[in-house]
Amino acid sequence: MVLAPADRAAVLALWRKLGTNVGIYTTEALERIFVAFPSSKTYFLHLNLSPGSAQVRAHGQKVAEALSLAVNHLDDLPHTLSALRELHTHKLRVDPVFFKLLCHCLLVTLARHYPGDFSPNMHASLVKFLNHVISALAPSSGQIGRVVAEGSCV
Amino acid sequence: MVHFTAEEKAAITGLWGKVNVEEAGGEALGRLLVVYPWTQRFFDSFGNLSSASAIMGNPKVKAHGKKVLTSFGEAIKNLDNLKGAFAKLSELHCDKLHVDPENFRLLGNVIVIILATHFSREFTPDVQAAWQKLVSGVATALAHKYH
């Protein structure tokens, strides 16, 4: 079993609460990653990335649908996300670090909008869930939260 | 060396002025221990860390969290010289405690998330960006002694 029952229940409950608004939050997460981690824009040079962009909103909706799919197929993530894995690794060649950065921005977004629900346990459950999504999307990557600094000259 | 624009400094200090360092510090360290359980290894002497509620209520976690965030506050007064501000702490964490620098980044991101929960209206993408730069700069400064 990919997620322990308590983590699974927490994520499912939150997703139910988010309802049809998941796209709003994934769009905000995209807006945040473009501002906080500007190198992420490299994958979206073909889009209008200005605040409120309909194209960013459309991409946010795609991300939302993928995450909602993942929430409902927790026992079969690698298979469920195989087409997206192919797309992101072989066609788009996304550096796996950006999945972690986007997930961090999504956590920031959810924490902002649902502070009362964002207990330490919920935080932990979401991190575990998103780590599984990232593993299924980008098998060679590590854990979210392990963010590489922008412009760090280490 | 990290450079902060005037706007970034304002975004950081403006929000910092509203932070309850004692509460937020305890919460930050507590969440680190809950969400990234291997970090508990550094706090074996803290007593009961057996559950999220035990961790969040643990007085030693709260006290140490306050210490950690207080030093963040010192960093904010020294944004132009984070390496200097954290030189001694870098020695402690790297040479004595042997903490993997990745964990500094984890804590930095937990702090960002906590700010988002407490200041949802103010925590715009630009404000988040300034804070990401800060926590990244602090993590780098803390890891300096490894290089």
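Source: prediction; values computed, not measured.

Remarks on the overall build of chain B
Scanning chain B from N- to C-terminus turns up 8 helices and 0 strands. Along chain B, helices (α) and strands (β) appear in the sequence α-α-α-α-α-α-α-α when read from the amino end. Principal-axis analysis of the C-alpha atoms gives chain B an extent of 45 × 40 × 20 Å. Counting all 147 residues of chain B, 51% fall into the buried class. Expressed as a percentage of contacts within chain B between residues at least 6 apart in sequence, the contacts between residues at least 24 apart total 74%. Carbon and sulfur atoms form 55% of the exposed surface of chain B, whose accessible area is close to 6900 Å². With 16 positive and 14 negative side-chain charges, chain B shows a separation of 4 Å between the mean positions of the two kinds.

Quick word on the interface of chain A and chain B
Each side of the interface is counted separately: chain A has 28 residues, and chain B has 29 residues. Interface area for chain A against chain B, summed over the two sides, is near 2500 Å², with a carbon-plus-sulfur share of 62%. At the surface where chain A touches chain B, the tally comes to 0 salt bridges. Elements represented by at least two residues in the side of chain A that touches chain B include exactly α2 (22–36), α6 (97–113) and α7 (120–137) of chain A. Considered class by class, the residues forming the side of chain A that touches chain B number 17 nonpolar, 7 polar and 4 charged.

What to know about the environment of F119 of chain B
Mapped onto the elements, F119 of chain B comes out in the loop between α7 (102–118) and α8 (125–142). With near-sequence residues (within four places) excluded, F119 of chain B lies in contact with L15, K18 and V19 of chain B.

Some words on the environment of L101 of chain A
All names here are of chain A. Of note, L101 is situated in helix α6. Residue classification places L101 among the buried residues on the basis of a relative accessible area of 3%. In this structure the C-alpha to C-alpha distance between L101 and A29, which are 72 residues apart in sequence, comes to 9.4 Å.

Some points on the side chain of H123 of chain A
In this structure, H123 of chain A sits in helix α7. Residues within four places of H123 of chain A in sequence aside, it is in contact with F118 of chain A together with R31, V35, V110 and I113 of chain B.

Re helix α3 (residues 54–71) of chain A
Residues and elements named next belong to chain A. Relative to the 26 Å expected for 18 residues at 1.5 Å per residue, α3 spans 25 Å between its end C-alpha atoms, a close match to the ideal helical length. Of the residues making up α3, those classed as buried are V56, G60, V63, A64, A66, L67, A70 and V71. Projected down its long axis, α3 shows its buried positions confined to an angular sector of 165 degrees, all on one face. Contacts from the buried residues of α3 go to α1 (5–18), α2, α4 (77–80), α5 (82–91), α6 and α7. Among the residues of α3, the N-terminal cap falls to S53, whose side-chain oxygen and the backbone nitrogen of Q55 are separated by 3.1 Å.

Definitions and limits used
- Residues numbered from 1 in each chain as written.
- Chains lettered and ligands numbered in written order.
- Predicted model: local features only at pLDDT ≥ 70, side-chain atom pairs only at ≥ 80, totals over all residues.
- Heavy atoms only, no water.
- Helix = DSSP H or I, 4+ residues; strand = E, 2+ residues; numbered from the N terminus.
- Buried < 20%, exposed > 50% of the residue type's maximum accessible area, 1.4 Å probe, protein only.
- Contact = heavy atoms within 4.5 Å.
- Areas by Shrake-Rupley, 256 points an atom, 1.4 Å probe, with all protein chains shown as cover.
- Lys, Arg positive; Asp, Glu negative; His and termini not counted.
- Charge placed at Lys NZ, Arg CZ, Asp CG, Glu CD.
- Buried area = accessible area lost by both parts, 1.4 Å probe.
- Salt bridge = Lys/Arg side-chain N within 4 Å of Asp/Glu carboxyl O.
- Nonpolar A, V, L, I, M, F, W, Y, C, P; charged D, E, K, R; others polar.
- Expected span 1.5 Å × (residues − 1).
- Arc of directions from axis to C-beta.
- Polar contact = N/O pair within 3.5 Å; in protein donor to acceptor, adjacent residues only side chain to side chain.

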